[in-house]
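Per-entry structural report
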Amino acid sequence: MGKVNMYWTGPAAAPTGVMVENQQSIRIEDVTVRLEVGGASVQQVRFGEVHSCTLDWFPFGAHQSQVRNDALVVLQFRDASVVGGG
């Protein structure tokens, strides 16, 4: 069984973006990386989908100064194997 991972890109003190790596044999969908501080969502990045055995990244660009590196990172996604089921 594969894994899904999320990484900061750039230096830890000033991340420049986030990267999602999908090591599963199937794609993942509705991929969202949410940053929370004190239980409240302060930033959110939506990837849509990340295909199997690939990675995708999102640069913060002009929003980099707003990124909080003290936030709790929450990675959410839906496994494509359950699409259309139930």
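Our subject is the structure that appears above.
First, a word on scope: everything that follows refers to the structure included in this document. (Residues numbered from 1 in each chain as written. Predicted model: local features only at pLDDT ≥ 70, side-chain atom pairs only at ≥ 80, totals over all residues. Heavy atoms only, no water.)

1. Things to note about the sheet that holds strand β5 (residues 54–59)
The cut-off we apply is this: Here the rule is simple: two strands pair whenever DSSP picks up at least two bridges between them. Secondary structure is summarised from DSSP: a helix means a run of H or I of at least four residues, a strand means a run of E of at least two, and numbering begins at the N terminus for each. Between N-to-C directions, angles span 0 to 180 degrees; the directions come from axes that are lines fitted to C-alpha atoms, helices contributing only their stretch in contact.
Judged by pairing direction, the sheet is antiparallel, and its three strands sit side by side in the order β1-β2-β5 without closing on themselves. Since the sheet does not close on itself, it has two edges, and those belong to β1 (4–9) and β5, each with one partner. Taking each pair of neighbouring strands and ignoring which way they run, the sheet shows an average axis angle of 20°. As judged from the six bridges shared by β1 and strand β2 (residues 17–22), these two strands associate in the antiparallel manner. Looking at the pairing, Met6 lines up with Val20 of β2.

2. Re the packing of aromatic side chains
Note the threshold: Pairing of aromatic side chains requires ring centres within 6.5 Å, counting the rings of Phe and Tyr and the six-membered ring of Trp. Pairs whose planes differ by under 30 degrees are stacked, by over 60 edge-to-face, and all others tilted. Exposure classes here rest on a 1.4 Å probe applied to the protein chains alone. A residue is buried below 20% of its type maximum, exposed above 50%, and partly exposed in between.
Considering all chains together, one arrives at two aromatic pairs under this definition. Taking the centre distance of 6.3 Å and the plane angle of 70° together, the rings of Phe58 and Phe60 count as edge-to-face. A residue is classified by how much of its surface remains accessible, and Phe58, at 35% relative accessible area, is partly exposed. Aromatic rings pair up to connect Trp8, Phe58 and Phe60 into one cluster.

3. What to know about the sheet that holds strand β6 (residues 72–79)
The strand order β4-β3-β6 describes an open sheet built from three strands, whose pairing is antiparallel. Only two strands of the sheet have a single neighbouring strand rather than two, namely β4 (40–50) and β6. Neighbouring strand axes in the sheet, compared pairwise and without regard to direction, differ in orientation by 15° on average. In this structure, strand β3 (residues 28–37) lies alongside β4, joined through nine bridges in antiparallel fashion.

4. A look at unusual backbone geometry
Note: most peptide bonds trans; most residues except glycine with negative phi. One non-glycine residue, Asp30, lies in the positive phi region at around 50°. Here Asp30 is to be found in strand β3. On the basis of relative accessibility, which here comes to 44%, the residue Asp30 falls in the partly exposed class. You will see that Cys53, though not glycine, has its phi angle at about 55°, which is positive. Looking at where Cys53 falls in the secondary structure, it is placed in the loop between β4 and β5.

5. A short note on the environment of Val67
The cut-off we apply is this: Contact between two residues is taken to exist if any of their heavy atoms lie within 4.5 Å; hydrogens are not considered.
Its location among the elements puts Val67 in the loop between β5 and β6. For the pair formed by Val67 and Thr9, sequence separation is 58 residues and the distance between their alpha carbons is 12 Å. Discounting chain neighbours no more than four positions away, the residues touching Val67 are Trp8, Pro15, Leu35, Gln43 and Phe60.

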